[in-house]
Amino acid sequence: RIHHPAAIASDTTILLDAAASHHIGRVLRLRPGAPLILFNGEGGEYQARLTTVGRHSAEVRVGKYVACERESSLEIVLAQCLSRGERMDFTLQKAVEMGVSRIVPLLSERCEVKFNADRLAKRMRHWRALITSACEQCGRNRLPVLEEAVALKAWFLQPGEAVTKLILDPEGKQTLSELSDPLGALTLLCGPEGGFTEGELLSAE
């Protein structure tokens, strides 16, 4: 399964981008004639077949469109405070695989990760690529939205649309089994390795 971030149409030949071409030719080592599935993140997918593959490029012939929808009927937003290194990567990967539709990276008081503007921009590009890869692996046809990183206090001031908003706190007084079924949309707020401060918990409540 290959994500192609542009329009796709049946009975056309498409030149894949450099990242997809590298993955097909150098990682998977596919040869002309190999079957593929293409999707552009807007729902549905296309059957395709690899026609040419070189060191830095690959072309595919697009076949039949398959109208399939695999998204959850429950919109889930994960508001995730930044964690270090591969922990954040793992969180985002699993969030995509479990059906989260939107991810908000948050900067809280106990975040051990400190980014300047350039490093944060690089991490955002890395996380978007990771989200795309996770969709390719798990079968999702729509890419979850990764919002720009924002300070937790600023995020609290933004209007929220979710009917159900939950703080994931190990010392919380209410368990998931005690909650009624969420309606429409669900927002999960998750802290960093050090957890939330008392002030942050009060602000969240």
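Residues numbered from 1 in each chain as written. Predicted model: local features only at pLDDT ≥ 70, side-chain atom pairs only at ≥ 80, totals over all residues. Heavy atoms only, no water.

Caption draft 1: Highlighting the sheet that holds strand S3 (residues 35–39). With respect to topology, five strands assemble into an open sheet ordered S1-S3-S4-S5-S2, the strand pairing being mixed. The sheet is open, and its two borders are formed by strand S1 (2–3) and strand S2 (13–15), each paired with just one other strand. The pairing of strand S4 (residues 45–53) with strand S5 (residues 58–66) spans seven bridges and is classified as antiparallel. Considered in S5, the bridge of Tyr46 is made with Tyr65. (Pairing = 2+ DSSP bridges. Helix = DSSP H or I, 4+ residues; strand = E, 2+ residues; numbered from the N terminus.)

Caption draft 2: Broad picture of a positive patch on the surface. Together, Arg26, Arg29, Arg31 and Arg55 line one region of the surface with positive charge. Position of Arg26 relative to the elements: it lies in helix H1 (residues 18–27). The class for Arg26 is partly exposed, based on a relative accessible area of 42%. (Patch = residues over 30% accessible without salt bridge, like charges linked within 9 Å, V, L, I, M, F, W, Y side chains within 5 Å. Areas by Shrake-Rupley, 256 points an atom, 1.4 Å probe, with all protein chains shown as cover. Salt bridge = Lys/Arg side-chain N within 4 Å of Asp/Glu carboxyl O. Lys, Arg positive; Asp, Glu negative; His and termini not counted. Charge placed at Lys NZ, Arg CZ, Asp CG, Glu CD. Buried < 20%, exposed > 50% of the residue type's maximum accessible area, 1.4 Å probe, protein only.)

Caption draft 3: Focus on the nonpolar core. Ile103, Val104, Leu106, Trp127, Trp155 and Leu189 are the most contacted members of the largest nonpolar core, which has 31 residues in total. Counting residues per element, the ones that place at least two in this core are strand S6 (75–81), helix H2 (86–97), strand S7 (102–107), helix H3 (117–138) and helix H4 (152–156). No other element matches the seven residues that H3 contributes to this core. Grouped together as the second largest cluster of nonpolar side chains are 15 residues, Leu36, Tyr46, Ala48 and Val62 included. (Core = buried A, V, L, I, M, F, W, Y, C linked by side-chain atoms within 4.5 Å.)

Caption draft 4: Main features of H2. The terminal C-alpha atoms of H2 lie 16 Å apart, and with 12 residues this matches the ideal 16 Å at 1.5 Å per residue to within 8%. Turning to H2, the residues buried within the fold contact S6, S7 and H3. Phi turns positive, to about 100°, at Gly99, one or two residues after H2. (Expected span 1.5 Å × (residues − 1). Contact = heavy atoms within 4.5 Å.)

Caption draft 5: Summary view of the pairing of S4. Sheet topology note: the S3/S4 ladder contains four bridges and is antiparallel. Across the sheet, Ile37 pairs through a bridge with Gln47, a residue of S4. Where S4 folds back on S5, the antiparallel hairpin that results is connected by four residues.

Caption draft 6: Here's a closer look at the packing of aromatic side chains. As enumerated under the stated definition, the model contains two aromatic pairs in all. Judged by centre distance (4.9 Å) and plane angle (55°), the ring pair of Tyr46 and Tyr65 falls under tilted. Linking Tyr46 in strand S4 with Tyr65 in strand S5, this pair joins segments that are 19 residues apart in sequence. Assessed through its relative accessible area of 14%, Tyr46 is described here as buried. Geometrically, the ring pair formed by Trp155 and Phe156 is tilted, given 5.9 Å between the ring centres and 45° between the ring planes. Between the NZ or CZ atom of Arg1 and the centre of the ring of Phe39, over which it lies, the distance is 4.5 Å. (Phe/Tyr/Trp six-rings, centres within 6.5 Å; stacked < 30°, edge-to-face > 60°. Lys NZ or Arg CZ within 6 Å of the ring centre and 35° of its normal.)

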